[in-house]
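As a plain string of letters, each chain reads:
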Amino acid sequence: MGKRESVPNATIASLQSQKVWCGFTAAFIVGPFFFEEIGPSGPVTCSVNGTRYEFLLRNQLIPALQQRGCVDSTIFMQDGSPPHIATPVKQLLNLHFGNDRIISRQTQQPGFHDHLI
């Protein structure tokens with residue numbers, strides 16, 4: 001049996017919670033993107049709301065999909081958390097994916113994608 005060593009003056013740091021978003025397809029991963037704001041001492045995790053989520057989609061996800069030329073063939077899927085179903089988010093998604101390529105609580109057409117539930 002090996003000798004057990006102790007570490008003098010060891011401290012355990014408390015980790016802050018992070019808000020992170022990542023998207024994936026069969027071919028690639030988009031992200032991760034962190035929800036942070038710059039505070040006086042550097043980046044600070046912030047809550048996710050409809051405005052921040054819409055900003056991430058508009059300025060990160062959609063350009064990444066456009067760069068790969070796959071917006072027109074992507075089906076966008078998300079859950080129904082409040083930021084995901086905010087009106088500006090639904091409008092942006094509908095603009096780029098059309099209602100027939102969005103799977104999300106409270107945004108899909110009645111009866112559409114029932115086979116996936």
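Located above this text is the structure these notes cover.
Worth saying up front: this structure is predicted, and the values here are computed from it rather than measured. (Residues numbered from 1 in each chain as written. Predicted model: local features only at pLDDT ≥ 70, side-chain atom pairs only at ≥ 80, totals over all residues. Heavy atoms only, no water.)

1. Examining the overall build of the protein
(1) Moving on: Counting secondary structure elements, the protein contains two helices and six strands.
(2) Moving on: For the protein, the N- to C-terminal ordering of α and β elements is β-β-β-β-α-β-α-β.
(3) Moving on: The burial tally for the protein puts 33% of its 117 residues in the buried class.
(4) Moving on: In the protein, the proportion of contacts linking residues at least 24 apart, taken out of those at least 6 apart, comes to 45%.
(5) Moving on: With an accessible surface of roughly 8600 Å², the protein has 55% of that area assigned to carbon and sulfur atoms. (Helix = DSSP H or I, 4+ residues; strand = E, 2+ residues; numbered from the N terminus. Buried < 20%, exposed > 50% of the residue type's maximum accessible area, 1.4 Å probe, protein only. Contact = heavy atoms within 4.5 Å. Areas by Shrake-Rupley, 256 points an atom, 1.4 Å probe, with all protein chains shown as cover.)

2. Quick word on the pattern of salt bridges
(1) Moving on: Within the structure shown, the criterion is met by two salt bridges.
(2) Moving on: Glu37 is the salt-bridge partner of Arg52, the closest N and O atoms lying 2.6 Å from each other. Here the residue Arg52 occupies a position in helix 1 (residues 50-67), and Glu37 occupies one in strand 3 (residues 36-39), the gap between them amounting to 15 residues.
(3) Moving on: Classification of Arg52 by relative accessible area gives partly exposed; the value is 24%.
(4) Moving on: The class of Glu37 is partly exposed, set by a relative accessible area of 41%.
(5) Moving on: For the salt bridge of Glu54 with Arg58, the shortest nitrogen-to-oxygen distance reads 2.6 Å. Of this pair, Glu54 and Arg58 both sit in helix 1, four residues apart, which is roughly one turn of that helix.
(6) Moving on: Residue classification places Arg58 among the partly exposed residues on the basis of a relative accessible area of 42%. (Salt bridge = Lys/Arg side-chain N within 4 Å of Asp/Glu carboxyl O.)

3. A look at the pairing of strand 2 (residues 29-34)
(1) Moving on: Examined bridge by bridge, strand 1 (residues 20-24) and strand 2 share four bridges and lie antiparallel to one another. Bridge pairing in strand 2 places Gly23 opposite Val30.
(2) Moving on: Following strand 1, the chain reverses through four residues before pairing antiparallel with strand 2. (Pairing = 2+ DSSP bridges.)

4. Looking at the packing of aromatic side chains
(1) Moving on: One pass over the full model with this rule turns up two aromatic pairs.
(2) Moving on: With centroids separated by 6.1 Å and ring planes inclined at 25 degrees, the aromatic side chains of Trp21 and Phe33 adopt a geometry described as stacked. Within this pair, whereas Trp21 is found in strand 1, its partner Phe33 is found in strand 2, the two being separated by twelve residues in sequence.
(3) Moving on: Accessibility expressed as a relative area gives 15% for Trp21, which makes it buried. (Phe/Tyr/Trp six-rings, centres within 6.5 Å; stacked < 30°, edge-to-face > 60°.)

5. Describing the packing of helix 1 against helix 2 (residues 87-97)
(1) Moving on: Across the interface, helix 1 lies against helix 2 with an axial gap of 9 Å and an inter-helix angle of 15 degrees. Comparing the axis directions of helix 1 and helix 2 gives the class roughly parallel. Every pair of crossing elements has a handedness; the one defined by helix 1 and helix 2 is right-handed. In this structure, helix 1 uses Gly50, Tyr53, Glu54, Leu57, Arg58, Ile62, Leu65 and Gln66 to contact helix 2, whose residues at the interface are Pro88, Val89, Leu92, Leu93, His96 and Phe97.
(2) Moving on: Taken together, the residues of the contact of helix 1 with helix 2 sort by class into nine nonpolar, three polar and two charged. (Axes fitted to C-alpha atoms, helices over the stretch in contact; angles between N-to-C directions. Parallel < 35°, antiparallel > 145°, perpendicular 65-115°, else oblique. Left-handed = near helix turned anticlockwise from the far one by under 90°. Nonpolar A, V, L, I, M, F, W, Y, C, P; charged D, E, K, R; others polar.)

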